[in-house]
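Here's the letter readout for the chains.
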Amino acid sequence: MNTSVNPCVDFYQYACGNWIAKNPLPADRARWGRFNELQDHNEKVALDILQGAAAAKTRSALDQKIGDLYTSCMDTAGINKKGIEPIKAELDRINAIENREGIVAEMARLHRMGIGVVFGFGSRPDPKDSNRMIAVLSPGGLSLPDRDYYLKTDPKSVEIRQRYVQHVQKMFQLAGDTTEAASQKAKMVLDLETILAKDALDRVSMRDPNKIYHMLARKDLADLLPMLDWDAFFQGIGAPPFESLNVVYPDGLKQFAADLTGLPLETGKAYFSYQLLRSSAAALAAPFENEYFDFWQRYLAGVKEPRPRNMRCVTVVDRALGDLLGQKYVQAAFSADAKAQITTLVDGLEKTMGEDIAALPWMTDETKAAAQIKLKAITNNVGYPKKWRDYSKVNVKPDDFAGNLERATEVMYSQRIEKIGQPTDKNEWTMTTPTVNANYSAQSNSINFPAGILQVPFFDAKRDLAVNYGGVGAVIGHEMTHGFDDQGRKFDADGNLRDWWSAKDGSEFEKRATCIADEYSSFTSVDDMKLNGRLTLGENTADNGGVRIAYMALENATKDKKLPVLDGFTPEQRLFLGFAQVWCENMSPQELRQRAMTDPHSPGRFRVNGTLQNMPEFQKAFSCKPDQPMVSQNACRVW
Ligand SMILES: [Zn+2]
């Protein structure tokens, strides 16, 4: 804490100032916060597990897979000796393409390798029938973090594109092209990606479930993008038979067809080659990896040096075989007692949210009743999934890093594609167990808390209850509130996109949400970059609701036995400190810029101050005066 700052002037500095000063950005990070401290800790637990599994003389099939993947990742001598060999055959195949059939076949091959060229294709629950998995075709295929990077004309954006083209050229040169050929191909990559960017939907629209739902017959695709042999593509990726699919943005696909007219085949080939190089760089010899780091990390994110190899290899195993590593992580770091305590907390918060809904002044009784039904229907998943993912088909060898990744990706891709037409498995997790995150899934109407986040600073089974309510309590409240933010509120208790709101309640909600959107749009993240209040609306709504519910739940839980004052702080003050101190962080200016355009979450400073300046409970706890900065003159409240 920096107690020289007045908590009613800048609570974030008051709660985090000393941490921020004492924890400058490490050279290998774009962002360093208490989230990352925990992530670091979890990775060290995982590293122990992997080193043990790699070295063991006799071992289980599980240990063989995670241990050998780790070993193959650490084998830099072997990786360097292979140079570009792991993707040479694929690059040659791309270079030899002579016609449209060849393009489609390659598109399918790359998709199976997890490289979503041109568009994204996969399986998702049907928004209006959440029990059924359907095929989804969505805008995609970009390299830079957002379509704005290709379209904006301010000097910084122009500079980023120039640097990007230089980087793409270097990657082609490393792959064996002459300077001239590499330079031409790099321009082609930017050309094609600029078209894809132009024909993509912006991030704010992508958050609106009604704007991204267009069920079409499979044969309609031929009208949208006639030059692509769709049957050949779907066969190539191994999709099961299906008759209809959700085309997220049909207008964009149609426009893309028009924009392709007259574009040479070579442009597509250059684009495929770079996409392959980019996604394989981490598994290739050092020059590729270094060039990749130089542009994507050093230049674009402001990171000064790569993370240590062993830590990067932990991340690799977590991504490729996450549920195997996760099983071992849970044994090492998550007790039955912690699970029981968290489950009690979740139940308390759910009850409190029910009371909060019942007391809302702006909602009619009918909509309240529907909201209560939705709240009661939320499934709570704590710690780890009910069923672990199966990796028996993934063959892992200790001396074939690139091959291991390729095989793991193909198996995962097939598992995803084969779900088309199947019933939805609502128990499936999208995060691995050591992950420091949590989520709400609108279509399974579930909140999910991996063991990785149920740790210090969020939670400690032996610590002051008030701090736990401010930490993990606010996270649980945050995820519950997602079920009722501008996006979540459009789905019903069964996870279906259906309007269960009366028109009046809907417009009352929108009015309150707009207050939040305007508030956060007024915050400057870095230089002249403002936050986008519409992009961050769901997260900010969830932060605001989450702390309030955590606060109310703590009051409920300690009604009969008030907690004592500790270190001079009341329980309420400790709750707000516990909340704020989860968000202490330092970020590079490059990272702040990138996140302002792409991240639906606000930076820590605004997650804390933007939320608490709306809360009379906070202002009362710290005796703030009406004219102080932490007392908003136009306080927003949705939940
Ligand atoms: Zn969230």
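Going by the structure above, here's the rest.
Presented here is an overview of the structure given in this document. (Residues numbered from 1 in each chain as written. Predicted model: local features only at pLDDT ≥ 70, side-chain atom pairs only at ≥ 80, totals over all residues. Heavy atoms only, no water.)

1. A word on the packing of helix α18 (residues 336-359) against helix α19 (residues 365-377)
Applicable threshold: Here an angle of 0 to 180 degrees is reported between the N-to-C directions of two axes, which are lines fitted to C-alpha atoms, with helices fitted over the stretch in contact. By definition, any uninterrupted DSSP run of H or I lasting at least four residues is a helix, any uninterrupted run of E lasting at least two residues is a strand, and each is numbered from the N terminus. Orientation labels follow simple angle bins: below 35 degrees gives roughly parallel, above 145 gives roughly antiparallel, 65 to 115 gives roughly perpendicular, and whatever is left gives oblique. Contact between two residues is taken to exist if any of their heavy atoms lie within 4.5 Å; hydrogens are not considered. As a working rule, the residues Ala, Val, Leu, Ile, Met, Phe, Trp, Tyr, Cys and Pro are called nonpolar, Asp, Glu, Lys and Arg charged, and the rest polar, with Gly in that last group.
Taken N-terminus to C-terminus, the directions of α18 and α19 make an angle of 170°; their axes are 10 Å apart at the nearest point. In this view, α18 runs roughly antiparallel relative to α19, as classed from their interaxial angle. Along the contact surface, α18 presents E350, M353, G354, I357, A358 and A359, while α19 presents K368, A371, Q372 and L375. A per-class count over the contact of α18 with α19 returns 6 nonpolar, 2 polar and 2 charged.

2. Section: the sheet that holds strand β4 (residues 215-217)
Inclusion rule: Two strands pair if DSSP finds at least two bridges between them.
In spatial order, the strands read β2-β3-β5-β4; together these 4 strands make up an open sheet with mixed pairing. Taken across any chain shown, the strands that pair with only one partner, and hence form the sheet edges, are β2 (119-126) and β4. Going from strand to strand, the sheet's axes swing by 40° on average, the running direction of each strand aside. Relative to strand β5 (residues 244-247), β4 runs antiparallel, the two being bridged by 3 bridges. Note on β5: the bridge partner recorded for M215 is N246.

3. Observations regarding the sheet that holds strand β7 (residues 439-441)
The 3 strands are arranged β6-β8-β7 in an open sheet whose pairing can be described as mixed. The sheet is open, and its two edges are formed by β6 (379-383) and β7, each paired on a single side. Strand after strand, the sheet turns through a mean of 15° between neighbouring axes, direction not considered.

4. Quick look at the environment of V382
Counting through the fold element by element, V382 comes out in strand β6. For the pair V382 and P241, spaced 141 residues apart in sequence, the C-alpha separation works out to 36 Å. Filtering out sequence-adjacent residues up to four positions away, V382 remains in contact with F334, K339, I342, T343, V346, F449 and L454.

5. What about the pattern of salt bridges?
Two side chains with opposite charge may pair up if their charged atoms get near one another. Short version of the rule: Here, a salt bridge means any Lys or Arg side-chain nitrogen found within 4 Å of an Asp or Glu carboxyl oxygen. Only protein chains enter the accessibility calculation, which uses a 1.4 Å probe; a residue is then buried when its area is under 20% of its type maximum, exposed when over 50%, and partly exposed in between.
Following the criterion strictly, the structure yields 46 salt bridges and no others. A salt bridge links R59 to D68, with the nearest nitrogen and oxygen atoms 2.8 Å apart. Residue class for R59 comes out partly exposed when judged on its relative accessible area of 30%. The partner of D464 in a salt bridge is R574, and the shortest N-O contact between them spans 2.5 Å. Here the residue D464 occupies a position in the loop between β8 (446-450) and α21 (465-482), and R574 occupies one in helix α24 (residues 571-581), the gap between them amounting to 110 residues.

6. What to know about the nonpolar core
Here is the rule we go by: The definition of a nonpolar core used throughout is a set of buried Ala, Val, Leu, Ile, Met, Phe, Trp, Tyr and Cys residues joined through side-chain atoms within 4.5 Å.
By size, the foremost hydrophobic cluster in this structure holds 119 residues, and its most contacted members are F11, L321, F458, F576 and L612. When residues of this core are assigned to their parent elements, the largest contribution, 8 residues, is made by helix α2 (residues 34-55). Ignoring sequence-local partners within four residues, the contact set of L612 consists of F11, V547, F576, F579, F618, Q619 and M630. Judged by nonpolar contacts, the second largest core, of 74 residues, contains F121, F272, L284 and L592.

7. Some words on the state of the cysteines
What makes a disulfide is a covalent bond joining the sulfur atoms belonging to two cysteines. Which entries qualify depends on this criterion: Counting rule for disulfides: a pair of cysteine sulfur atoms within 2.5 Å.
Going through the model one piece at a time under the given rule, you end up with 4 disulfides. Between the sulfur of C8 and that of C624 lies a disulfide, 2.0 Å long from S to S. Every disulfide takes its handedness from the sign of the S-S torsion; for C8 and C624 that torsion is -85°, giving left-handed. Taken together, the residues C8 in the segment before α1 (11-22) and C624 in the segment after α27 (616-621) connect sequence positions 616 residues apart. Comparing C8 with C624 shows no difference in burial state: the two are buried. Between C16 and C584 runs a disulfide, and the two sulfur atoms are separated by 2.1 Å. The sign of the S-S torsion, about -75°, decides the handedness of the disulfide formed by C16 and C584: left-handed. With C16 in helix α1 and C584 in the loop between α24 and β11 (585-587), the pair connects residues that are 568 residues apart, well separated along the chain.

8. Section: empty space enclosed by the protein
Summary: where empty space remains is shown by rolling a probe the size of a single water molecule over the atoms. Rules: Buried and open spaces are told apart on a 1 Å grid over the protein atoms alone, a cavity being a set of points where a 1.4 Å probe fits but cannot get out and a pocket being an open set with protein on both sides within 12 Å along at least five of seven lines. Residues with an atom within 4 Å of a point are the lining residues. Grid points are joined across faces, edges and corners, and a volume is the space filled by probe spheres set on the points.
Taken as a whole and assessed by the stated rule, the structure comprises 4 cavities of 30 Å³ or more. When its volume is computed, the largest cavity comes out at roughly 140 Å³. Lining the largest cavity we find 14 residues, and of these V118, P139, D199, G252 and L253 sit closest to its centre. Counting residues per element, the ones that place at least two in the lining of the largest cavity are β3 (129-139) and α13 (250-260). Residue composition of the lining of the largest cavity, grouped by class: 10 nonpolar, 3 polar and 1 charged. For the lining of the second largest cavity, the secondary-structure elements that each account for two or more residues are α4 (76-82) and α20 (401-417). Of the residues forming the lining of the second largest cavity, the biggest block, 3 residues, is contributed by α4. Of the residues in the lining of the second largest cavity, the class split is 7 nonpolar, 3 polar and 4 charged.

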